[in-house]
Amino acid sequence: MTSPCPLSVEALPDSLEPGDVLLNLTDQELACSVPFVADSGEQLQTGFLAPSVTGSVTAGKLISLCESADRLVVVGENASGLVDQLSAAGQTVKWIQLTADCGSDSFMDEEDSEAVAERLRQLGYI
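Notes on the structure follow. Computed from a predicted structure; not experimentally measured.

Calculation rules
Residues numbered from 1 in each chain as written. Predicted model: local features only at pLDDT ≥ 70, side-chain atom pairs only at ≥ 80, totals over all residues. Heavy atoms only, no water. Helix = DSSP H or I, 4+ residues; strand = E, 2+ residues; numbered from the N terminus. Contact = heavy atoms within 4.5 Å. Areas by Shrake-Rupley, 256 points an atom, 1.4 Å probe, with all protein chains shown as cover. Core = buried A, V, L, I, M, F, W, Y, C linked by side-chain atoms within 4.5 Å. Buried < 20%, exposed > 50% of the residue type's maximum accessible area, 1.4 Å probe, protein only. Arc of directions from axis to C-beta. Pairing = 2+ DSSP bridges. Right-handed = clockwise from strand over helix to strand, strands pointing away. Patch = residues over 30% accessible without salt bridge, like charges linked within 9 Å, V, L, I, M, F, W, Y side chains within 5 Å. Salt bridge = Lys/Arg side-chain N within 4 Å of Asp/Glu carboxyl O.

### Side note on the overall build of the chain
Next up, step 1: For the chain, the helix and strand inventory stands at five helices and eight strands.
Next up, step 2: Listed by position from the N terminus, the elements making up the chain come as β-α-β-β-β-β-β-α-β-α-β-α-α.
Next up, step 3: Taking all contacts inside the chain whose residues are at least 6 apart in sequence as the whole, residues at least 24 apart take part in 45%.
Next up, step 4: Of the roughly 7600 Å² of accessible surface on the chain, a fraction of 50% belongs to carbon and sulfur atoms.

### Side note on the nonpolar core
Next up, step 1: Counting 17 residues, the largest nonpolar core has Leu23, Leu62, Leu72, Val74, Leu82 and Leu86 as the members making the most contacts within it.
Next up, step 2: Looking at this core, the elements with two or more residues in it are strand S2 (20-24), helix H2 (59-65), strand S7 (71-75), helix H3 (80-88) and strand S8 (93-99).
Next up, step 3: Residues Leu7, Cys32, Val34 and Phe36 belong to the second largest nonpolar core, which totals 14 residues.

### Topic: H3
Next up, step 1: All of the buried residues along H3 are Leu82, Val83 and Leu86. The buried residues of H3 occupy an angular sector of 100° when the element is viewed end-on, so they sit on one face.
Next up, step 2: Packing partners of the buried residues in H3 comprise S2, H2, S7 and S8.
Next up, step 3: Trailing H3 by a residue or two, glycine 90 shows a phi angle of about 95°, which is positive.

### Re the environment of glutamine 28
Next up, step 1: Relative to the helices and strands, glutamine 28 is located in the loop between S2 and strand S3 (30-31).
Next up, step 2: Separated by 24 residues in sequence, glutamine 28 and serine 52 have C-alpha atoms that sit 6.2 Å apart.

### A look at the pairing of S8
Next up, step 1: The buried count for S8 comes to five of seven residues, which makes it a mostly enclosed element.
Next up, step 2: The sheet contact formed by strand S1 (residues 5-8) and S8 spans four bridges and is parallel. Bridge pairing links leucine 7 to leucine 98 in S8.
Next up, step 3: Bridging between S7 and S8 involves four bridges; their strand directions are parallel. Within the sheet, the bridge partner assigned to leucine 72 lies in S8 and is valine 93.
Next up, step 4: Crossover handedness for the path S7 to H3 to S8: right-handed.

### Let's talk about a nonpolar patch on the surface
Next up, step 1: On the surface, Met108, Val116, Leu120, Leu123, Tyr125 and Ile126 cluster together into a nonpolar patch covering about 590 Å² of accessible area.
Next up, step 2: On the accessibility criterion, leucine 123 (46% relative accessible area) is partly exposed.

The following block contains the structure:
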């Protein structure tokens, strides 16, 4: 059984390698620089936005589409069955589950930082 790799949307392009093919099973378009499976898994396309696949995708269809791919990158939450079938068929697969990016801006807002600074002043640290 292949386990998913948690990754933010922003980090996804950095995790892609030459020879990868992307299968997007999420509901958002993903920025990518590798070929991707599109139109219900019936063809490979190349571009900068990988649309989500709306139809059903089978492991056999994907393997025949991605014969020249070094690795198939599957992005989606509930893809364990598909990923396991692809792995069992001999396809190299990386399974990615998207996570929310916790940027530095979301950690502490201005009001929080003012409260922390005031408390540090009260304690004599600044």
